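Observations on the model geometry
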Amino acid sequence: DSKKNNTFSADFEDLVANSDYELEGWYNVAVEGGRRWQGKTFNNTTTGKTDKYIQATSYGGTGEKFECWFATPAFEVDQVKDKKVSFDCAVYNYATASANSKLEVYFLEKDGDNLKQTLLNVGTLPQNAEGYSDAKTLTGDLTSIGDKVGFIGFKFVGSETASGTYQIDNLYVGVEPGEGPGPGPDPVGD
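Note that the coordinates shown come from a computational prediction; the quantities given were computed from them, not determined experimentally. (Residues numbered from 1 in each chain as written. Predicted model: local features only at pLDDT ≥ 70, side-chain atom pairs only at ≥ 80, totals over all residues. Heavy atoms only, no water.)

The next point concerns the nonpolar core. Judged by nonpolar contacts, the single largest core of 34 residues is most densely connected at Trp37, Phe70, Phe75, Phe87, Leu120, Ile152 and Phe154. Those elements that place two or more of their residues in this core are strand E1 (8-10), strand E4 (50-57), strand E5 (66-71), strand E7 (82-92), strand E8 (102-111), strand E11 (149-158) and strand E12 (165-174). In this structure phenylalanine 154 touches Trp37, Cys68, Trp69, Phe70, Phe87, Leu103, Glu104, Val105, Ile168 and Leu171, once residues within four positions along its chain are discounted. (Core = buried A, V, L, I, M, F, W, Y, C linked by side-chain atoms within 4.5 Å. Buried < 20%, exposed > 50% of the residue type's maximum accessible area, 1.4 Å probe, protein only. Helix = DSSP H or I, 4+ residues; strand = E, 2+ residues; numbered from the N terminus. Contact = heavy atoms within 4.5 Å.)

So this is what it looks like as structure tokens:
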């Protein structure tokens, strides 16, 4: 992408519920199994507001394996003010998800016609034995990436029998949560 944006965020407020999430310049790709990241809403009776987020799941799908990616626009790591990515994450049905499906976060770099994948340590994903976990803010450090140009990619894998669901919201790259464009921070985390 020749129009690199070096700080960006997404709060997913523009989503259409139960539809594949589309945002100009971002990527939502089904590699296997035909499932992509979808927009979802939750009417929070405690706060009275509607939460919007994207999620990946293999629940209700048919097929032996599912793999889908959600990726940010391209950016230059050495040009970002805050060399990290942060996002809120929740999981549904963790017992199944942890055994048979997973969410991983990568720095993706073009290498000819291929993408070089560098796994980012974003901390421990939320865990809950049954039902939905509370949202947790996760952060990945980009300082070791150096001066490369690339993307942040969220990779979900699962199977027909692995019906775990991962949700992400309030995604920030290059800025602290609450700075610049996008959502203000919610009080989540450890």
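A word on the pattern of salt bridges. Applying the stated rule across the entire model yields six salt bridges. Lysine 84 is paired through a salt bridge with aspartate 82; the nearest N and O atoms lie 3.9 Å apart. Glutamate 104 is the salt-bridge partner of lysine 102, the closest N and O atoms lying 3.5 Å from each other. Taking the relative accessible area as the measure of exposure, lysine 102 reaches 38% and is therefore partly exposed. A relative accessible area of 18% means that glutamate 104 is categorised as buried. Because the salt bridges share partners, they merge into one network encompassing Asp20, Glu22 and Arg36. (Salt bridge = Lys/Arg side-chain N within 4 Å of Asp/Glu carboxyl O.)

Averaged over every residue, the pLDDT of the protein is 82; residues scoring 70 or more account for 85%. Confidence scores differ between elements of the protein, with helix H1 (residues 94-100) showing the lowest mean pLDDT of 62 and strand E10 (residues 136-141) the highest of 94. Low confidence marks residues 180-190, where pLDDT is under 50. Its contacts with residues over four positions away, or in another chain, come to 26 contacts. (pLDDT = per-residue confidence, 0-100.)

What follows covers the pairing of E4. In this sheet, E4 lies alongside strand E3 (residues 38-43) in antiparallel orientation, the contact comprising six bridges. Within the sheet, the bridge partner assigned to glutamine 38 lies in E4 and is glutamine 55. Adjacent in sequence and paired antiparallel, E3 and E4 are bridged by six residues, among which glycine 48 carries a positive phi angle near 80 degrees. (Pairing = 2+ DSSP bridges.)

Mapped onto the fold, valine 77 is located in the loop between strand E6 (75-76) and E7. Leaving out residues up to four positions away in the same chain, valine 77 has contacts with Lys83, Phe107, Leu142, Ile145, Gly146 and Lys148.

Moving on: a nonpolar patch on the surface. Together, Tyr27, Val29 and Val31 give the surface a local cluster of nonpolar side chains, amounting to about 240 Å² of exposed area. Here valine 29 is to be found in strand E2 (residues 27-32). (Patch = residues over 30% accessible without salt bridge, like charges linked within 9 Å, V, L, I, M, F, W, Y side chains within 5 Å. Areas by Shrake-Rupley, 256 points an atom, 1.4 Å probe, with all protein chains shown as cover.)

So, on to the packing of aromatic side chains. Tallied over the full model, the rule gives 12 aromatic pairs. For the ring pair phenylalanine 8 and phenylalanine 75, a centre distance of 5.8 Å and an interplane angle of 75 degrees mean the geometry is edge-to-face. Highlighted residues: phenylalanine 8 in strand E1 and phenylalanine 75 in strand E6, separated in sequence by 67 residues. Exposure class is identical for phenylalanine 8 and phenylalanine 75. Each is buried. (Phe/Tyr/Trp six-rings, centres within 6.5 Å; stacked < 30°, edge-to-face > 60°.)

Further remarks concern the side chain of threonine 72. By secondary structure assignment, the location of threonine 72 is in the loop between E5 and E6. Look at threonine 72 and you get buried, because its relative accessible area is 0%. If near-sequence neighbours (up to four positions away) are discounted, threonine 72 is found in contact with Phe8, Gly25, Trp26, Tyr27, Phe151, Ile152, Leu171 and Val173.

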